[in-house]
Every structure is written in C-alpha cells, then in structure tokens.
Amino acid sequence: MHELVLRGLDVAEMPGIARWATSPHWSHHPLGWLPLSLSVFEEEPGLPSYHARGGSWSIPYGRSDDGPQTAPDRTAEVPPAAETTTESASGAIAAAVSNWAEESNGRIEARTFELSAPVRAPVVPSVLASLELESLRGLTSSDLAAVSSCPAAQAWRLVFAAASTGGAYNHGLRGAYGRLAAWRSLAGLSGAAVHASAAEVEHQVLECDWYSFGAATKWFERVAWDIGLAAVAPGRRQMAVLAATDTD
C-alpha cells in the first residue's frame, strides 16, 4: 500500500484500501504510523527506474548548491554547545543510513547539541566546526565546512534515497520501509517527541532550519555516498547533525 502512496496514489480516497489500512487489525503494524498520502516535504520521491536491460536510480548525495550558500561570519561569537546525544536520539537520526553501516562499508555520525544562545544562519558553519564532530575532524578556523541552507524537501530526498536504495554494496530497504526509516531520521533530526504522530513530526520538520554540509576531511570517503545534514530546531538553541559516508 505504501509503495502505491509513494507513487502518488491517494489511497485515503479509496474506501476499500482506507478501511483496510485503518482497521484495528493493522493498528500495530510498523507502517501503520505513516500517513496515507505524501507530506508537503516528500514531494516526488526518487524511485528506481527499470527497463529491459536493467535499472537505475539517482544518487543525490554530497552537498547541494541549490540553496543559498551560508557565508560564515568569522566575527560573530560562537555560542558554547553541550552534547545531548542519547542512544534513542542517535538511533532515530541514523535510521535512514543504518543499512550503510550494517550491510556495506559505511560510517555514521548522529548527534544532538544544546546551544547556550540562539544560532543564526551566518554562524552555523562556525558552530559546526566547534562541535568536535568526527566527520569534520581536521578542519581549521580558516577551512570551515561548506554549508548551504536547504529546504526540508531536500533533506527528505537525501534520507529517503539513503534508506530505500542503500549504499555501495547493498540495496536498501526499498520504498515502503525506506519511507518509514526516512521519517524516523527526520523526526530525530527535528527534535520531535519520541511518540509523536506523523502529523506532529511533519509540523516539527517544517519549522526547523535545514542545512547541508560537506568537507574534504579524511572521514568522508568522497566517492559517491556522502551525507551531511544539520537541523536547527525552533528556538534556534538545539542542533542535530547526521553525517554518513560509504564506499565501494
């Protein structure tokens, strides 16, 4: 059913499917948490294409230049940050890329931080450099990560592709369960409550400021599968980071 949702079918308007999907029998199914229609940020999911001689799919990884470049303000004071990462938060944030590490050669960094003061866009590159992230180890104050502001839809495309199509040596979770893993990652990055509904997660995701980042550090493989995402929650004092890399 959720493969149909990903392809734009409005199953909520089909009484037979809608009654079946919302029946008590399926209330505890993992996919039952997902909405029966695409959210605002899901737009058009990048799905594989198949033809007589094989198939193909997009690899939308690496920092995108679609959004405005966030120029670092080197004169601004960087607010101190305290790490707040918990096992549950890290697991949620990493859900979309966990298959890269479990079934391929991937590395993952999923962490959360509390800032002592609100952070504005020009300071985000400096804040990222100050967090002592493994993925950015080796950067100097004169060589900050390349950071771009991005819409929630771009963050969704990255985590859905990572979850659904997998990394260098695996095939991912496919569409339906890939969608669930992508939602879990965005929920964790946005700081949504653990037991939040899909509607609550969607609202939180759209309220966040999203950034993509990349850097020429030894941590990133820089082959084809690199992800750097940062989310600044409403109030601008919580930041969550997801970095992932894989290689063949």
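Now for a look at the structure at hand. (Residues numbered from 1 in each chain as written. Predicted model: local features only at pLDDT ≥ 70, side-chain atom pairs only at ≥ 80, totals over all residues. Heavy atoms only, no water.)

Counting buried residues along strand β6 (residues 209-214), 5 of its 6 residues qualify, which places the element largely inside the surrounding structure. Relative to β6, strand β5 (residues 146-150) runs antiparallel, the two sharing 5 bridges. Bridge assignment links A146 to a residue of β6, and that residue is G214. Judged from the 4 bridges that link them, β6 and strand β7 (residues 225-232) form a sheet pairing that is antiparallel. Paired with Y211 across the bridge in β7 is A230. (Buried < 20%, exposed > 50% of the residue type's maximum accessible area, 1.4 Å probe, protein only. Helix = DSSP H or I, 4+ residues; strand = E, 2+ residues; numbered from the N terminus. Pairing = 2+ DSSP bridges.)

Further remarks concern the sheet that holds strand β3 (residues 81-83). For sheets, the rule is that strands pair by backbone hydrogen bonds, running either parallel or antiparallel. An order of β3-β4-β8-β7-β6-β5 is seen for the 6 strands of this open sheet, with the pairing classed as antiparallel. Here the strands that pair on one side only, and so sit at the sheet edges, are β3 and β5. The mean angle between the axes of side-by-side strands here comes to 25°, regardless of whether they run parallel or antiparallel. Bridging between strand β4 (residues 107-115) and strand β8 (residues 238-246) involves 8 bridges; their strand directions are antiparallel. Bridge assignment links I108 to a residue of β8, and that residue is A244. Its contacts with the sheet put helix α7 (residues 174-190) on β6, β7 and β8, and the angle it makes with β8 is roughly 140°. (Axes fitted to C-alpha atoms, helices over the stretch in contact; angles between N-to-C directions. Contact = heavy atoms within 4.5 Å.)

Next up on the list: helix α6 (residues 152-165). Between its first and last C-alpha, α6 extends 20 Å over 14 residues, near the 20 Å set by a 1.5 Å rise per residue. Taking burial as the measure, the 14 residues of α6 include 13 buried ones, the bulk of the element. Among the residues trailing α6, G166 stands out with phi positive, at a value near 80°. (Expected span 1.5 Å × (residues − 1).)

Helix length check: α7 (17 residues) gives 23 Å between terminal C-alpha atoms against 24 Å at 1.5 Å per residue, within 8%. Where burial is concerned, most of α7 is hidden: 14 out of the 17 residues are buried. At the exit of α7 stands G191, carrying a positive phi of roughly 80°.

This brings us to unusual backbone geometry. Phi angles above zero are rare outside glycine, and E43 is one such case at about 45°. Its location among the elements puts E43 in the loop between α2 (15-21) and β1 (49-51). For E43, a relative accessible area of 46% puts it in the partly exposed group. Even without a glycine there, the phi angle at E132 is positive, about 55°. The residue E132 is located in the loop between α5 (124-130) and β5 in this model. When its relative accessible area of 63% is taken as the criterion, E132 is described as exposed.

Okay, the packing of aromatic side chains next. Given two aromatic rings, their pairing is described by the distance between the two centres and the angle made by the two planes. The tally for this structure, following the rule as stated, stands at 7 aromatic pairs. Each ring, one from W219 and one from F220, has its centre 5.1 Å from the other, and the planes form 85°; the classification is edge-to-face. Across the pair, exposure class does not vary: W219 and F220 are buried alike. These aromatic residues form a ring-pair network of at least three members: W33, F41, W156, F160 and W183. (Phe/Tyr/Trp six-rings, centres within 6.5 Å; stacked < 30°, edge-to-face > 60°.)

In this structure, L186, L189 and W210 are the most contacted members of the largest nonpolar core, which totals 45 residues. Listing elements by their share of this core, those giving two or more residues are α6, α7, α8 (198-207), β7 and β8. Per-element tally for this core: the top contributor is α6, with 9 residues. Those residues within four positions of L186 in sequence are excluded, and the remaining contacts are F41, A155, W156, V159, V205 and W210. In terms of nonpolar packing, the next biggest core, distinct from the first, is built from 23 residues, L115, L136, A230 and V232 among them. (Core = buried A, V, L, I, M, F, W, Y, C linked by side-chain atoms within 4.5 Å.)

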